[in-house]
Every structure is written in C-alpha cells, then in structure tokens.
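Breakdown of the fold
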Amino acid sequence: MPYAPTTAAPRVGISRIAALYLIIGGIVAATHHYWSNLHTLKAVLSAVIATLLWPLILVGVDMHLR
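The following paragraphs examine the structure supplied in this document.

Rules of the game
- Residues numbered from 1 in each chain as written.
- Predicted model: local features only at pLDDT ≥ 70, side-chain atom pairs only at ≥ 80, totals over all residues.
- Heavy atoms only, no water.
- Axes fitted to C-alpha atoms, helices over the stretch in contact; angles between N-to-C directions.
- Helix = DSSP H or I, 4+ residues; strand = E, 2+ residues; numbered from the N terminus.
- Parallel < 35°, antiparallel > 145°, perpendicular 65-115°, else oblique.
- Left-handed = near helix turned anticlockwise from the far one by under 90°.
- Contact = heavy atoms within 4.5 Å.
- Expected span 1.5 Å × (residues − 1).
- Buried < 20%, exposed > 50% of the residue type's maximum accessible area, 1.4 Å probe, protein only.
- Arc of directions from axis to C-beta.

1. Side note on the packing of helix α1 (residues 16-31) against helix α2 (residues 41-52)
- α2 packs onto α1 with a crossing angle of 125 degrees between their chain directions and a minimal axis gap of 7 Å. The pairing of α1 with α2 is recorded here as oblique in orientation. Crossing of α1 over α2 shows right-handed handedness. Where α1 abuts α2, its residues Y21, L22, G25, G26 and A29 lie against A50, T51 and L52.

2. Concerning α2
- A rise of 1.5 Å per residue sets the reference length of α2, with its 12 residues, at 16 Å; its end C-alpha atoms lie 17 Å apart and thus fit the reference within 8%.
- A43, S46, A47, A50 and T51 are the residues of α2 that are buried. Axial view of α2: buried residues confined to an arc of 130 degrees, hence all on one face.
- Buried-residue contacts for α2 involve α1 and α3 (54-58).

Now the structure itself:
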C-alpha cells in the first residue's frame, strides 16, 4: 500500500523574535507612561508608535504626538 505524501499546513502568525520585540516595546512604553490615560486618539497613537519604535525612547526621543 503506497503512502500519501504528507504536507504541513502553512503557519500564520508572528515569529518569536517579533513577539519578543513587541513585548519589550510594550514594557518600555509602559514604563515611560505612554499607556496611561488613553482618552484621545493622539494618546493611543502615541502609545502604539512608542511600542513599535521603543529603541528611540531609550535614546531620549519623545514619542508623544502634539
């Protein structure tokens, strides 16, 4: 009896490195108070940008939208 070839289903998701990057970004942004008082769209966008570009926060760049 011949065996059918096995194929793996494609994985959809985020890599471990990208997940780690976003987790660190969330922590850095939270420690710099970007995730507190999210009452306006500008505050939410600032928090998202700070999470994605967290290395810039560490060198002193202010990510708050004005």
